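Okay, here's what each chain looks like letter by letter:
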Amino acid sequence: MTSGSVLLYGASGWIGGKLVDILAQQRIPCWKGEARIEDRHAVEGEILKWKPSFVINCAGKTGRPNVDWCETHRQETIRSNVTGALTLTDVCAQHGVHLTHFATGCIYQYDDAHPAHSGIGFKEDDVPNFKGSFYSRTKVMLEDLLQAYPSILILRLRMPISEHLAEPRNFITKITNYAKVVNVPNSVTVLPDLLPVAVDMITRGIVGTYNFTNPGTITHNEILDLYTKYVDNTFTYSNFTLEEQAKVLKAERSNNELDVSKLTRLYPAIPHIHKSIHAILIQMRHNLDASRTRPTDQYSD
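The rules behind each value
- Residues numbered from 1 in each chain as written.
- Predicted model: local features only at pLDDT ≥ 70, side-chain atom pairs only at ≥ 80, totals over all residues.
- Heavy atoms only, no water.
- Helix = DSSP H or I, 4+ residues; strand = E, 2+ residues; numbered from the N terminus.
- Expected span 1.5 Å × (residues − 1).
- Buried < 20%, exposed > 50% of the residue type's maximum accessible area, 1.4 Å probe, protein only.
- Contact = heavy atoms within 4.5 Å.
- 1 Å grid on protein atoms, 1.4 Å probe; cavity = no way out; pocket = protein on both sides within 12 Å on 5 of 7 lines; lining within 4 Å.
- Points joined across faces, edges and corners; volume = space filled by probe spheres on them.
- Nonpolar A, V, L, I, M, F, W, Y, C, P; charged D, E, K, R; others polar.
- Pairing = 2+ DSSP bridges.
- Axes fitted to C-alpha atoms, helices over the stretch in contact; angles between N-to-C directions.

1. Description of helix H5 (residues 134-146)
Piece 1. Between the first and last C-alpha of H5 there are 18 Å, a value that for 13 residues agrees with the 18 Å anticipated at 1.5 Å per step.
Piece 2. The set of residues buried in H5 consists of Phe 134, Tyr 135, Ser 136, Thr 138, Lys 139, Val 140, Leu 142, Glu 143 and Leu 146.
Piece 3. Residues of H5 that are buried make contact with helix H3 (68-72), helix H4 (74-95), strand S4 (98-104), strand S5 (152-157) and strand S6 (208-211).

2. Concerning the layout of surface pockets
Using a probe with the size of a water molecule, rolled over the atoms, empty space left in the structure can be pinpointed.
Piece 1. In this model, the second largest pocket occupies a volume close to 220 Å³.
Piece 2. Tyr 108, Glu 124, Asp 125, Asp 126, Pro 128, Lys 131, Val 140, Glu 143, Asp 144, Gln 147, Arg 156 and Thr 209 together form the lining of the second largest pocket.
Piece 3. A breakdown of the residues in the lining of the second largest pocket according to their chemical character gives three nonpolar, two polar and seven charged.

3. Points about empty space enclosed by the protein
Piece 1. One pass over the structure, following the stated rule, counts one cavity of 30 Å³ or more.
Piece 2. Of the voids in this model, the largest cavity is the one considered here, and its volume is about 100 Å³.
Piece 3. Surrounding the largest cavity, Asn 57, Ala 59, Ser 80, Asn 81, Ala 85, His 101, Phe 102, Ala 103, Lys 139, Leu 142, Glu 143 and Leu 146 form its lining.
Piece 4. Among the elements that make up the lining of the largest cavity, the one with the highest residue count is H5 (four residues).

4. Some remarks on the sheet that holds S4
Piece 1. The six strands are arranged S2-S1-S3-S4-S5-S6 in an open sheet whose pairing can be described as parallel. Two strands in the sheet have a free side with no partner beyond their single neighbour: strand S2 (30-32) and S6. Averaged over all pairs of adjacent strands, the angle between strand axes in this sheet comes to 20°, irrespective of strand direction.
Piece 2. Direction of pairing for S5 relative to S6: parallel, over a ladder of four bridges.

5. Some details on the side chain of Asn 186
Piece 1. Tracing the sequence through the fold places Asn 186 in the loop between helix H6 (171-176) and helix H7 (191-203).
Piece 2. The exposure class assigned to Asn 186 is buried, which follows from its relative accessible area of 1%.
Piece 3. Not counting the four nearest positions on each side in its chain, Asn 186 is found in contact with Tyr 110, Arg 158, Met 159, Gly 216, Thr 217, Ile 218, His 220, Ser 254, Asn 255 and Asn 256.

Shown next, in the form of structure tokens:
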């Protein structure tokens, strides 16, 4: 076995690509998995070929342009999100290889025990209560099945954010292009804060399920107001209600706060979202200036 080596599935995706870059920066050998993760024979062949210390799964169907796609492509979604992920898990278990699944926290919805704005977040062992989208249903199915495999790491991301506006999967990029947005507090994952933590957890061989977001919550309006301040002072937006949103979507959307106390006990330096979002948007503006695609001349005071 090559010490500290990684076999990564989903390397061509947004988050997978960022992990490849971090692993390269840290000089951790990384091979990009080419097999379809539902193809057991091919996956096993790659594990035997590369003999990795760690396998990372970033593959899966989230839908293009959004999770509504999964409502009409159910077999493809199951094949990747359930069958493929479970196949990869089982092969890694049989070969004694540590596996990390990049999962989702969009399996919960605010309820009477976890009301919005309360600061009471869903913990890792709370039973999922959101099945309003087929995408989320497949993720709930998978997590239930993965309980039979105790030696894996599950990281639940939500609404991932980066400092690059040109990245279409960036939650900030998404909501700046919506005609209207809801104004609901949510836990979100700031990738520059959390992905280096993920690599550390993986290489330490940590196992278990972790809510993988920054501490605290932030609303769509709070993000967009700061976007207007730091990035584009000509930007405007408008709101609509959750009921109005539901009329234009095929699937419901999850809104929740995740309790990250389990994660922050290991990594107390992870910044609160209200601190991190300022830094991300300032960096986003710097990146735009550097690429000479400035939306405005200066940000507002």
